[in-house]
Amino acid sequence: MAKRVGMEVSLAVGEAARLANVDVVAAYPITPQTHIVEHLAELVANGELNAAYIPVESEHSAMSACLGSSAVGARTFTATAGQGLELMHEVLYVASAMRLPIVMTVANRPLSSPLSVWGDHSDAMSVRDTGWIQIFTENGQDVVDNVLCAFRIAEDR
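Residues numbered from 1 in each chain as written. Predicted model: local features only at pLDDT ≥ 70, side-chain atom pairs only at ≥ 80, totals over all residues. Heavy atoms only, no water.

**Student:** How would you explain the pairing of strand β3 (residues 76-80) if you had to name every residue and give the values?
**Tutor:** In summary, the side chains of a regular strand alternate between the two faces of the sheet. Counting buried positions along β3 gives five out of five residues, so the element sits mostly inside the fold. Because side chains alternate across β3, one face comprises the buried residues T76, T78 and T80, and the other comprises F77 and A79, equally buried. Where strand β1 (residues 24-27) lies against β3, two bridges are found, and the strand directions are parallel. Of the residues in β3, the one forming a bridge with V25 is F77. Pairing between β3 and strand β4 (residues 103-106): four bridges, direction parallel. Following the sheet pairing, T78 is matched in β4 by M104. Between the parallel elements β3 and β4, the chain passes through helix α4 (residues 82-97) in a crossover that is right-handed. (Buried < 20%, exposed > 50% of the residue type's maximum accessible area, 1.4 Å probe, protein only. Helix = DSSP H or I, 4+ residues; strand = E, 2+ residues; numbered from the N terminus. Pairing = 2+ DSSP bridges. Right-handed = clockwise from strand over helix to strand, strands pointing away.)

Take a look at the structure:
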């Protein structure tokens, strides 16, 4: 019988990336996804995930690093939210045009003005035409399942 484990969804995303055996994580913290990349950094530092963790100076740099690592064949993961996704915007077109199998978790939040960290989809909708497949989830189990499925979908060319 399977063992149930309760955890914050952000940590569960990190665990899903670990189960997917990612090779590279390039990330910049932004609320509310900071716990995802912090957990991944801990997993790498503790030797529980054999991956390169690239702490970058912005979300634009995070996606740029993902482009490079994915282009050379590394299983690549990142996470962002809100304004961070907007800062990645121009690089998202490059990833989809090159058909690079990058998986990114977006912890949806409103775009700024006024500043808000409550949940909504204005960030995801702003990039809906960049060529990325977007999967929306209902709960933590869906998130874990779909992070794993996302790698399979992305890598199936």
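Don't stop here, the text continues.
**Student:** Lay out the environment of Y28 with the relevant residues and their values.
**Tutor:** Looking at where Y28 falls in the secondary structure, it is placed in the loop between β1 and α2 (34-45). Distance from Y28 to E57, taken between C-alpha atoms, is 6.7 Å for residues 29 residues apart in sequence. When near neighbours in sequence (up to four residues on either side) are disregarded, Y28 contacts Q33, V56, E57, S58, E59, A62 and A79. (Contact = heavy atoms within 4.5 Å.)

**Student:** Quick one: what's the story with helix α6 (residues 140-155), residue by residue and with numbers?
**Tutor:** Helix length check: α6 (16 residues) gives 23 Å between terminal C-alpha atoms against 22 Å at 1.5 Å per residue, within 8%. Those residues of α6 that fall on the buried side of the exposure criterion are V143, V144, V147, A150 and F151. Buried residues along α6 sit against α1 (9-19), β3 and β4. For α6, the N-terminal cap is N139; the gap from its side-chain oxygen to the backbone nitrogen of Q141 is 3.1 Å. (Expected span 1.5 Å × (residues − 1). Polar contact = N/O pair within 3.5 Å; in protein donor to acceptor, adjacent residues only side chain to side chain.)

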